[in-house]
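Notes for the structure review
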Amino acid sequence: AFGVVDVIEKQEDVIGIAERFLGFSSASRGGGRLIHDDGLHGLRTLADSAYKYDAVAIDCMIQGSTPPTCKSAEFVRRVATLTKPSGHVVQWAWGSDRMLLRAAYTKHFHNFTDRPYGGVGAVLHIRGRKRGVHVLEEIFNCPGCPCSK
């Protein structure tokens, strides 16, 4: 059985690529949705569902910065609420946003550690609510994590 893939995307051109080349549509598709909105508003839309996610990948950035709505306390709280207790969250954090995101995530996840990645930011990998957070040593090369399989 396949899982549900919900996508939140603000940029019209990215949605066009997803529809044309990846088969996504704005209409409900096999339980998955393509939501045309910014990250926070999209999370608010998903909050209406009782569904909890095994994994949440966040790639929310504009010209070297994380938009305010994708690093707010409400955004992080909604991500934590939508993630299963045993689930995984991965979020890119620009260097200037790392400490702010760290403060927000540590309110919902214990044992947060991080390390710079690529000299410009960090990839935050949060494993399970209330269970711990660490930065990936290498993108998609995390021994013991589902993202490396």
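Read on for an overview of the structure.

Criteria and thresholds
- Residues numbered from 1 in each chain as written.
- Predicted model: local features only at pLDDT ≥ 70, side-chain atom pairs only at ≥ 80, totals over all residues.
- Heavy atoms only, no water.
- Core = buried A, V, L, I, M, F, W, Y, C linked by side-chain atoms within 4.5 Å.
- Buried < 20%, exposed > 50% of the residue type's maximum accessible area, 1.4 Å probe, protein only.
- Helix = DSSP H or I, 4+ residues; strand = E, 2+ residues; numbered from the N terminus.
- Axes fitted to C-alpha atoms, helices over the stretch in contact; angles between N-to-C directions.
- Left-handed = near helix turned anticlockwise from the far one by under 90°.
- Contact = heavy atoms within 4.5 Å.
- Nonpolar A, V, L, I, M, F, W, Y, C, P; charged D, E, K, R; others polar.
- Patch = residues over 30% accessible without salt bridge, like charges linked within 9 Å, V, L, I, M, F, W, Y side chains within 5 Å.
- Areas by Shrake-Rupley, 256 points an atom, 1.4 Å probe, with all protein chains shown as cover.
- Salt bridge = Lys/Arg side-chain N within 4 Å of Asp/Glu carboxyl O.
- Disulfide = S-S within 2.5 Å.

1. Overview of the nonpolar core
- One finds Ile58, Phe75, Val79, Val89, Tyr105 and Leu124 to be the most contacted residues of the largest nonpolar core, which totals 23 residues.
- Sorting the residues of this core by element identifies α2 (39–47), β3 (53–58), α3 (73–82), β4 (83–94), α4 (98–105) and β5 (121–127) as the ones contributing at least two each.
- With five residues, α3 is the single largest residue contributor to this core.

2. A closer look at the packing of α2 against α3
- Contact pair α2 / α3: the axes reach a minimum separation of 10 Å and the direction vectors enclose 35 degrees. Of the two possible hands of crossing, α2 and α3 adopt the one that is left-handed. Contacts between α2 and α3 pair Gly39, Leu40, Leu43, Arg44, Leu46 and Ala47 from the former with Glu74, Phe75, Arg78, Val79 and Leu82 from the latter.
- Here the residues of the contact of α2 with α3 sort into seven nonpolar, one polar and three charged.

3. Brief notes about α3
- Buried within α3 are the following residues: Phe75, Val76, Arg78, Val79, Ala80 and Leu82.
- Tucked into the core, α3 has its buried residues touching α2, β3, β4 and α4.

4. So, a nonpolar patch on the surface
- There is a patch of nonpolar side chains on the surface, built from Ile17, Phe21 and Leu22 and spanning about 340 Å² of accessible area.
- Its location among the elements puts Leu22 in helix α1 (residues 12–22).

5. With respect to the pattern of salt bridges
- A full pass over the atoms with the stated rule returns five salt bridges.
- Between Lys71 and Asp97 there is a salt bridge; the shortest N-O distance is 2.8 Å. Pair noted here: Lys71 is in the loop between β3 and α3 and Asp97 is in the loop between β4 and α4, with a separation of 26 residues, a long-range link.
- Among the residues examined, Asp97 registers a relative accessible area of 3% and is labelled buried.
- Taking the shortest distance from any N to any O, the salt bridge between Glu74 and Arg78 comes out at 2.8 Å. Here the residue Glu74 and the residue Arg78 both occupy positions in helix α3, the gap between them amounting to four residues, near one helical turn.
- Three or more residues are tied together by salt bridges with common partners; here these are Arg44, Glu74 and Arg78.

6. Topic: the state of the cysteines
- On inspection of all chains with the given rule, the structure shows one disulfide.
- Across a sulfur-sulfur distance of 2.1 Å, Cys60 and Cys70 are joined as a disulfide pair. Judged by the sign of its S-S torsion, about 65 degrees, the bond between Cys60 and Cys70 is right-handed. Here the residue Cys60 occupies a position in the loop between β3 and α3, and Cys70 occupies one in the loop between β3 and α3, the gap between them amounting to 10 residues.
- The exposure class of Cys60 is buried, given its relative accessible area of 16%.

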